[in-house]
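Now for the letters of each chain:
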Amino acid sequence: LRMSSSSMKDEGKDELGPLHPIPAKRVKNMDEFITFGWYTVMILIVAEFLCLSTLSNMVYMVFSGANPTVNGCGEVLFIENNCDRLKALMNTGCKPNLTYQFYSVNVEFSYLCEEGKVIKNSISLQMAAVLVGACVFGQSSDHFGRRLVLIIGLLGSALFSFFTALSPNLLWFNVFRVLAGLFTGGISVVQGVYLVENVPRKQRMLINTIITWSPNFIIYPIIAYYSYTWRNLAYASTVINVIGVIAIVFCYESPRFLIQKGKIDEAREVLASIRRRNGDSCEIRASEIEEMLIHEQDQYERIHSRTKKHTFVDILNTCKMLKWTSTLCFGLIVTSLVNYGILFNMENLSGSLYLNNIFFGIIRWAMNISVGILDYFIEKMGRKMLNSMAEIFNICCLLLISFLFYYNLSTEYSSLIRISSISATAMCAQVYIAKFMTATELYPTSVRNLGCSALSMSSRIGTILGPPLFYLGDLHSSYPYLALSLLVLIDFLAFSFNLPETKGMLLENHLPPRDKRKMSIIDRRTSVVE
């Protein structure tokens, strides 16, 4: 019997498979389904209040811990801020004559001159609490979800900001500020991850440069100006946190987190709700999302069937991840030393405390927007180039300030020192963005918050050590700035040589299987994560 060629071809397919194998259809990544819409706008509103909440607690002591100027004691007037005579005169019962721009804790509780260092040390204590909060809440958000942890953080921060305003003395003030710091640390480490996981990949950098601390550095000094006292400013922080809770209630848990935890049905519902809010009714997209969810469920079952919960060890378990994490952590310590060391000594700069902070916010936000636009339109404007440009600029500013102090030109060029200091702290924002964006794009979803938590804790170490670092100024005014310029140089070199460019990378969801991770340590082969 003769058979037609088409029949032979069909029979061959049935028995032996296709003569020309068809390539497997690529399953789309979660990033390819996140589009800009009304839900994204809601996420941005939440992100703004999260930023303002965090900043209102982190920068609270810039105003509430500001040193007043001592003009005299009783009828005795000082030609200059003469602290040596003040203590002896106060023993006679006279009342200090003070000039201040903000009614700080120093003023109300009479921590003046050298005793003002007690307040600076309390700042380090509060920042240590932020570090602990970053550690605890960062790991909790990888187990219980980003949204829940953010709500708890905002509620805790609101509660203890309220109690701060009722503090009868410095002891209770420090207790409540430490407790508020714990919750602030949790918000600070989770907010960035929640934002990145909910915004489109192409606009990721642009959004992170607009919705950030920078515009809030313009808003917060205005709030401080009208608050005027540290108690009213604490009440203002309470209101900000409560508004943040109300806003986030209208948002969903990160669908990427739900997928990573194997909660596929819940992720399906969240994605459908987001699509409805965005007005997306495309059936083809719906079927592609379903394919992606089925693929992710299979991957989850394959990878997590015999694995334990992730810990900080998992961000150090390959040679490359160890190098990435150590480089980023060192860089965040250095950046916070520069940023908070200068910021918490802002009252020593010439000019208005409020205007200096507003100018700082304007410069910082203008830089952010410029960087975001450049990143969006210029392909080669990546994370490494941004970090390099920002840190070279900071090295120049810090060396200039060191030079002026070393040759006793600080009085004559006080305005130049003011501009250089504000510019250096403003440029730190770009360094933070470059490092945190690199981290969120390098680490898989399963350990992303652990990685960002490690970075946030490192940043808090710098925040803790920043104010005491300026005690080097007791030896010579140039020493703090000289030390900072050297550390920034080391960080610049480490970031340039140890980290890959991550711009445009698709976010991974899972770590590689444990056997492959061990292999990558032994022979340094490239793993799925790498």
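Up top is the structure.
In this report, we go over the structure that sits alongside the text. All of these numbers come straight from a predicted model, not from anything done at the bench.

## With respect to the overall build of the protein
What the protein contains, in helices and strands, is 21 helices and three strands. Split into buried and exposed, the 530 residues of the protein put 54% on the buried side. In the protein, 82% of the contacts between residues at least 6 apart in sequence involve partners at least 24 apart. Just so you have it, the protein exposes about 23700 Å², and 64% of that area is on carbon and sulfur atoms.

## Some thoughts on empty space enclosed by the protein
Going through the model one piece at a time under the given rule, you end up with five cavities of 30 Å³ or more. Roughly 550 Å³ of volume is contained in the largest cavity. Taken together, 27 residues form the lining of the largest cavity, with Ser188, Gln191, Gly192, Thr212 and Phe436 sitting closest to its centre. For the lining of the largest cavity, the secondary-structure elements that each account for two or more residues are helix 2 (38–58), helix 8 (170–196), helix 16 (353–377), helix 18 (414–442) and helix 19 (445–469). Counting residues per element, the lining of the largest cavity draws most heavily on helix 8, which supplies seven residues. Along the lines of polarity and charge, the residues of the lining of the largest cavity split into 16 nonpolar, nine polar and two charged.

## Comments concerning the packing of helix 2 against helix 7 (residues 146–164)
Between helix 2 and helix 7, the least distance of the axes is 11 Å, while the angle of their chain directions is 40 degrees. Considering the angle they form, helix 2 stands oblique to helix 7. As helix 2 runs across helix 7, the sense of the crossing is left-handed. Between helix 2 and helix 7, the contacting residues are Leu50, Ser53 and Asn57 on the first element and Leu150, Leu154, Ser157 and Ser161 on the second. Tallied by class, residues from the contact of helix 2 with helix 7 come to three nonpolar, four polar and no charged.

## Topic: the packing of aromatic side chains
All told, the structure shown has 22 aromatic pairs when counted by the stated rule. Each ring, one from Phe137 and one from Phe183, has its centre 5.7 Å from the other, and the planes form 65 degrees; the classification is edge-to-face. With Phe137 in helix 6 (residues 116–144) and Phe183 in helix 8, this pair connects stretches of sequence that are 46 residues apart. Comparing Phe137 with Phe183, the two get one shared label, buried. An angle of 90 degrees between the planes, with centres 5.3 Å apart, marks the rings of Phe173 and Trp230 as edge-to-face. With Phe173 in helix 8 and Trp230 in helix 11 (residues 230–249), this residue pair connects regions lying 57 residues apart in the sequence. Each of the two residues, Phe173 as well as Trp230, counts as buried. In textbook terms, an aromatic cluster arises when at least three aromatic residues are bridged by ring pairs, as seen for Phe137, Phe160, Phe162, Phe163, Trp172, Phe176, Phe183 and Tyr235. Sitting over the face of the ring of Tyr60, Arg177 holds its NZ or CZ atom 4.3 Å from the ring centroid.

## Looking at the sheet that holds strand 3 (residues 96–99)
Two orientations exist for strands paired in a sheet by backbone hydrogen bonds: parallel and antiparallel. Ordered in space as 2-1-3, the three strands form an open sheet in which the pairing is antiparallel. The sheet is open, and its two borders are formed by strand 2 (76–77) and strand 3, each paired with just one other strand. As paired strands, strand 1 (residues 69–73) and strand 2 are joined by two bridges and run antiparallel to one another. Across the sheet, residue Gly72 finds its bridge partner in strand 2, namely Leu77.

## Brief notes about the pairing of strand 1
The sheet contact formed by strand 1 and strand 3 spans four bridges and is antiparallel. Bridged to Thr69 within strand 3 is Thr99. Counting the residues in the hairpin turn of strand 1 and strand 2 gives two residues, including Gly74, whose phi is positive at 65 degrees.

## So, the side chain of Thr335
Looking at the element boundaries, Thr335 is found in helix 15 (residues 319–343). Judged by relative accessible area, which is 3%, Thr335 ranks as buried. A polar atom in the side chain of Thr335 sits 2.7 Å from the backbone oxygen of Gly331.

Thresholds applied
Residues numbered from 1 in each chain as written. Predicted model: local features only at pLDDT ≥ 70, side-chain atom pairs only at ≥ 80, totals over all residues. Heavy atoms only, no water. Helix = DSSP H or I, 4+ residues; strand = E, 2+ residues; numbered from the N terminus. Buried < 20%, exposed > 50% of the residue type's maximum accessible area, 1.4 Å probe, protein only. Contact = heavy atoms within 4.5 Å. Areas by Shrake-Rupley, 256 points an atom, 1.4 Å probe, with all protein chains shown as cover. 1 Å grid on protein atoms, 1.4 Å probe; cavity = no way out; pocket = protein on both sides within 12 Å on 5 of 7 lines; lining within 4 Å. Points joined across faces, edges and corners; volume = space filled by probe spheres on them. Nonpolar A, V, L, I, M, F, W, Y, C, P; charged D, E, K, R; others polar. Axes fitted to C-alpha atoms, helices over the stretch in contact; angles between N-to-C directions. Parallel < 35°, antiparallel > 145°, perpendicular 65-115°, else oblique. Left-handed = near helix turned anticlockwise from the far one by under 90°. Phe/Tyr/Trp six-rings, centres within 6.5 Å; stacked < 30°, edge-to-face > 60°. Lys NZ or Arg CZ within 6 Å of the ring centre and 35° of its normal. Pairing = 2+ DSSP bridges. Polar contact = N/O pair within 3.5 Å; in protein donor to acceptor, adjacent residues only side chain to side chain.

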